[in-house]
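Below are the chains, spelled out letter by letter.
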Amino acid sequence: DLDDTERIENEILRQLMTKIESVQYQAALAITGTWQGTSRIKIYKELGLESLSDRRFANRLFMFFKIRNNITPVYLSEKIPRLLIQDDPNAIPNTFPDIETRTVRYKNTFFPNAISIWNNTIVNIQEDITLQKFKSRIFSIIRPIAKSIYGIHDPIGIHYLYQLRTGLSPLRNHKFHHKFG
């Protein structure tokens, strides 16, 4: 059955992405000296890292921007539908009609997914914006600003600082909150 096969493939892909994301998390733990179980979001905010899913999201938008602005070969720009004509002055400009899909597999392919992301993300984008300005805008949305370590050059001190900031340190309150002995 196609639906079962598609569901199994989606689950395998989800598990693979989870494993890849855990590699970045383990690297963040090693860099910060924080403990296993520390909030992934807090560590990424400390280091100024976006999640890998956010990075894939951004790269899809960047590629679609290039296709939309004819920075890629013509055969790619021929694949996207024409912009919607906006009669309503309150309508969102620069949106495309969604590509109709029957299966989840096709819905997650590049063009249907990128158009959906574009329509849901891009608001009032200027026609004359450059790729660099567009990237800066998207990164300002998804990439947190790394927190300062105040010029500390002591690796142990930096690890304690990260542990305190992420709320999982040797302090009794942190241990109690995380149900440690």
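Before reading on, note that the structure itself is shown above.
Residues numbered from 1 in each chain as written. Predicted model: local features only at pLDDT ≥ 70, side-chain atom pairs only at ≥ 80, totals over all residues. Heavy atoms only, no water.

## As for the side chain of Glu21
- Locating Glu21 in the fold gives a position in helix α1 (residues 2-32).
- Of the side chains with opposite charge, Arg40 comes closest to the buried, unpaired Glu21, at an N-O distance of 4.0 Å.
- Reaching out from Glu21, the side chain makes a polar contact with the backbone nitrogen of Leu52 at a distance of 3.0 Å.
- Glu21 has contacts with Arg40, Tyr44, Ser51, Leu52 and Ser53, leaving out every residue within four places of it along the chain. (Helix = DSSP H or I, 4+ residues; strand = E, 2+ residues; numbered from the N terminus. Buried < 20%, exposed > 50% of the residue type's maximum accessible area, 1.4 Å probe, protein only. Lys, Arg positive; Asp, Glu negative; His and termini not counted. Salt bridge = Lys/Arg side-chain N within 4 Å of Asp/Glu carboxyl O. Polar contact = N/O pair within 3.5 Å; in protein donor to acceptor, adjacent residues only side chain to side chain. Contact = heavy atoms within 4.5 Å.)

## Quick look at the side chain of Thr166
- When you line up the elements, Thr166 lands in helix α8 (residues 155-166).
- From its side chain, Thr166 meets the backbone oxygen of Tyr162 in a polar contact 2.9 Å long.
- When near neighbours in sequence (up to four residues on either side) are disregarded, Thr166 contacts Thr34, Thr38, Lys42, Ile43 and Glu46.

## Observations concerning the nonpolar core
- In this structure, Trp118 and Phe134 are the most contacted members of the largest nonpolar core, which totals 20 residues.
- Looking at this core, the elements with two or more residues in it are α3 (52-68), α6 (110-121) and α7 (131-142).
- Broken down by element, this core gets its largest block of residues, six residues, from α3.
- Setting aside residues up to four positions removed in sequence, Trp118 forms contacts with Leu61, Phe64, Phe65, Arg68, Asn94, Phe96, Ile125 and Phe134.
- Ranked by size, the runner-up nonpolar core spans eight residues in total, among them Ala28, Leu29, Ile158 and Tyr162. (Core = buried A, V, L, I, M, F, W, Y, C linked by side-chain atoms within 4.5 Å.)

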